Structures are given as structure tokens and as C-alpha cells.
Amino acid sequence: MRAILTFLALVILSSSVLSLPSERRDGDSALTGDVNFISRSFKLTNTTTEIQALNFALSLEHLQYYFYKRLYQYEPQDFSNAGLPPWSQGRYAQISSHELTHAQFLENILGDNAVQPCTYDFPDSDPRSFVRTSNIVEAITSSTYTTLAKYLSDPDYAISISSIHSVEAKHSAWINADMREGAAWSTAFDAPLSLSQLYTMMSGFIVSCPSSNSLPPIKIFPSLTFPSYVIPGQTVQVSFSPAAPERDSQTLYAWFISGFKALVVPLNADMTVTIPDTLQGFVFSVITNNRESVSDDATVAGPAFLVFDYDYQGNDQSLPM
């Protein structure tokens, strides 16, 4: 372990609300703790209904469909000119069709309760930035469906969400393996996040939504930004937008969530943080005011989506997209 990490906590996430033992490390000493990540961080509120949970899924499917519609501003030759397979446009067109089918399927379930599409703004301007954005969108989607499962008690709803999740995971795998030429997976698990944290990432693509849309009670946190290129073990400066208020003497913590594990390090007064050098795959970073909780009440900013690629031997790898 690097000495520059003055505090490092390892939190083992559980897929249930049972409390599991975990190891917490302060400096060189190891203490056995009991951190109930799921029950503290993603507690189901009584005000969230199954209809709202399904509408959250629909709002994401709308976002995906309108993103993939942007595919048609590019020609197959544009992909070739960008060093990408010309057939990739056809594969993306199939994904676009899936997202429309998912949206229509959820609309049929929800009927008059279905939320309407928002107005969106996506950052892609060429095929390569389209691929990068698709990777982010699919990572958010996989995390969303992982989280939504706990809000559903109706078996038919649960099967529907599970079936959509399976297809979305295949989309993400194809993008990472064929388009980015990396690993088709990240870790053994998709990372669960709170609905507020997920919607915070979605809101980065949303300009406005119809006032009639009914979603679960959510917060939108300040966006968390890392430098455009970061690697594990690097010390970088992050920023919030809107800017965070004066911190006074409050200590903030940077959570790096990967699958069912999270590494927690302090955020320095100058807004720098050292990225743990063991991270690989998809990572969601959240800034909190509590080193033992990443709940909505503790969240200060984020999540930010980070990718730390690795090769077939598990060695760190740098990919162009």
C-alpha cells in the first residue's frame, strides 16, 4: 500500500440488506469493522412506488433512444475514416432499435402513467466521441438496472427489468470489446448506486423535462469532474459544479465504487485526491462528508464515471477511447 494514502477503507458491498464484516484500514493498522453498505446507502424509501421505479427505467430508455438516434448523423464511411469498423454503425443501429423496443415495452406497462421524453444534449461530435459517450450511457444503464431490482416486488416487473438488464449488459460488453478493444466486462458485479446518484449522471445529458413526469423522490447533486485523463495511483485535482460551499474544517471523502467494493480516501483541502492504485474497470467516484456512508444524505458531489482499462493478463492498459 502506498504511504501517500493516509486513510484507506475497503467496504464490501452486499446484494442483500444483511450486515457483512469488512476490513477498514487507518494508516498501517487494520481494524475489523461492520459496514452495512447497502442498507445505509440505498435504503428503499416508503415513498418510492413500483410505478415510479418503472418510470425511472423508462426515463433512462428515452435518454438512450434519443442518444442512439444521433447515430444517423454519421455515415459508415465516417466510422472507417475514424479508424473504426464500417459495420459498427449497423450494430449501433440494432442497439438503437433495442432501446426503442424497451421504451415501448415500458410505456405499455405504465399506460397513462408513463413519463415523456426530455430534451437532451449529448457531447458527441464525431464517431469516436459517439463511442465514448455510448460507453458512459451503457455503464449508467447497467448500474441503474442493478439498483432498480430492489424496488420491485411484482415478479412480472422483476422479470421484465432483469431481461432488459441482460440485454443492456450485452450492449456494454460489445462496446468495450469490439469498439474500444478492451475487456468486455469490468468486474464480477455491476455497481449499485442510489437513484439520486444515477439521475445526477443522467442529468448531465438532460436540458429539461416535462413537468408532468413522475419519478421517485430524488436529489440532483453537483457534478464531479476529474481531469480528462487519469490513471490509478495518480494525484489529481477535482472540481464540483456548481462549486461547493466553504468547507470550514469538514473533512470530505472520495469514494471509488467498483462492483460491490468501494475504496475511500480523504479529499485534500486543495481539492486533490490520490486515486487508489488497485482500481480497474468501471469506477464511479462520489464525494461524501462521511467515510462510512455514501448515502444521499452524505453525498456532496458526483458520481463521476471513470474507466481504468486492463489487458487479458490483468495489467493496466491505456485505450484511445
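Model, not experiment: these values are computed from the prediction.

*Asks:* Provide a residue-level description of empty space enclosed by the protein, including the pertinent values.
*Replies:* Evaluation of the coordinates by the stated rule reveals two cavities of 30 Å³ or more. Taken as a whole, the largest cavity spans an internal volume of roughly 60 Å³. What lines the largest cavity is Asn176, Arg180, Ala183, Trp185, Ser186, Gly281, Phe282, Val307, Phe308, Asp309 and Tyr310. Elements supplying a minimum of two residues to the lining of the largest cavity: strand 12 (281-288) and strand 13 (299-308). Looking at the lining of the largest cavity residue by residue, the class counts come to six nonpolar, three polar and two charged.

*Asks:* Give me the pairing of strand 12: which residues, what numbers.
*Replies:* For strand 12, the buried fraction is high: eight of the eight residues fall into the buried class. Looking at chain direction, strand 12 and strand 13 are connected through seven bridges and run antiparallel. The residue bridging Ser285 from the neighbouring strand is Ala304, located in strand 13.

*Asks:* Give a description of the side chain of Gln52 that names residues and reports values.
*Replies:* Following the sequence through the fold, Gln52 ends up in helix 2 (residues 50-68). Within the local environment of Gln52, its side chain forms a polar contact with the backbone nitrogen of Thr49, the two atoms lying 3.0 Å apart.

*Asks:* Describe unusual backbone geometry, and please don't skip the residues or the numbers.
*Replies:* Negative phi characterises most residues that are not glycine, and trans characterises most peptide bonds. With an omega of 15°, the peptide bond running from Gly302 to Pro303 counts as cis. Phi is positive for Met271, which is not a glycine, with a value near 70°.

*Asks:* Please give an account of the packing of aromatic side chains that cites residues and values.
*Replies:* Enumeration according to the criterion identifies 18 aromatic pairs in this entry. Ring centres of Tyr74 and Phe79 lie 6.4 Å apart, and the angle between their planes is 90°; on these two criteria the pair is classed as edge-to-face. For Tyr74, a relative accessible area of 5% translates into the label buried. These aromatic residues form a ring-pair network of at least three members: Tyr65, Tyr66, Phe67, Tyr68, Tyr74, Phe79, Tyr92, Tyr120, Phe122, Phe130, Trp174 and Phe205.

*Asks:* Account for the confidence of the model for the protein chain, with residues named and values stated.
*Replies:* Looking at the protein chain as a whole, the pLDDT averages 82, with 80% of positions reaching at least 70. Per-residue pLDDT, averaged within each element of the protein chain, yields its smallest value for strand 3 (residues 29-34) (28) and its largest for strand 4 (residues 119-120) (96). Scored below 50 in pLDDT, residues 1-46 shows 106 contacts in the model against residues more than four places distant or in partner chains.

*Asks:* Please provide a residue-by-residue account of the state of the cysteines, values included.
*Replies:* Under the counting rule described, the total for this entry stands at one disulfide. Shown here is the disulfide that connects Cys118 with Cys209, its sulfur atoms set 2.0 Å apart. Taking the sign of the S-S torsion, 100° for the link of Cys118 and Cys209, the bridge is right-handed. On the criterion of sequence distance, the pair formed by Cys118 in the loop between helix 4 (88-110) and strand 4 and Cys209 in the loop between strand 5 (206-208) and strand 6 (223-225) is long-range, its members being 91 residues apart. The class of Cys118 is buried, set by a relative accessible area of 13%. According to the relative accessible area criterion, Cys209 is partly exposed, its value standing at 31%.

*Asks:* Requested: an account of the packing of helix 2 against helix 7 (residues 195-202), with residues and values cited.
*Replies:* At their nearest, the axes of helix 2 and helix 7 sit 12 Å apart, and the two run at 20° to each other. By the criterion of interaxial angle, the relationship of helix 2 to helix 7 is roughly parallel. Relative to helix 7, the crossing made by helix 2 is left-handed. Taken together, the residues of helix 7 that come into contact with helix 2 (itself represented by Phe56, Ser59, Leu60 and Leu63) are Leu195, Leu198, Tyr199 and Met202. Of the residues contributing to the contact of helix 2 with helix 7, the split by class is seven nonpolar, one polar and no charged.

*Asks:* Go over helix 7 with me, naming the residues and quoting the values.
*Replies:* Of all eight residues making up helix 7, eight are buried, and the element is well covered by its neighbours. Buried within helix 7 we find Leu195, Ser196, Gln197, Leu198, Tyr199, Thr200, Met201 and Met202. Taken together, the buried residues of helix 7 touch helix 2, helix 5 (127-148), strand 5, strand 12 and strand 13.

*Asks:* Account for the side chain of Thr299, with residues named and values stated.
*Replies:* Along the chain, Thr299 turns up in strand 13. A residue is classified by how much of its surface remains accessible, and Thr299, at 8% relative accessible area, is buried. A polar side-chain atom of Thr299 sits 3.0 Å from a polar atom in the side chain of Gln197. Reaching out from Thr299, the side chain makes a polar contact with the backbone oxygen of Ser295 at a distance of 2.8 Å. In contact with Thr299, not counting residues within four places along its chain, are Gln197, Phe221, Val286, Ile287, Thr288 and Val294.

Thresholds applied
- Residues numbered from 1 in each chain as written.
- Predicted model: local features only at pLDDT ≥ 70, side-chain atom pairs only at ≥ 80, totals over all residues.
- Heavy atoms only, no water.
- 1 Å grid on protein atoms, 1.4 Å probe; cavity = no way out; pocket = protein on both sides within 12 Å on 5 of 7 lines; lining within 4 Å.
- Points joined across faces, edges and corners; volume = space filled by probe spheres on them.
- Helix = DSSP H or I, 4+ residues; strand = E, 2+ residues; numbered from the N terminus.
- Nonpolar A, V, L, I, M, F, W, Y, C, P; charged D, E, K, R; others polar.
- Buried < 20%, exposed > 50% of the residue type's maximum accessible area, 1.4 Å probe, protein only.
- Pairing = 2+ DSSP bridges.
- Polar contact = N/O pair within 3.5 Å; in protein donor to acceptor, adjacent residues only side chain to side chain.
- Phe/Tyr/Trp six-rings, centres within 6.5 Å; stacked < 30°, edge-to-face > 60°.
- pLDDT = per-residue confidence, 0-100.
- Contact = heavy atoms within 4.5 Å.
- Disulfide = S-S within 2.5 Å.
- Axes fitted to C-alpha atoms, helices over the stretch in contact; angles between N-to-C directions.
- Parallel < 35°, antiparallel > 145°, perpendicular 65-115°, else oblique.
- Left-handed = near helix turned anticlockwise from the far one by under 90°.

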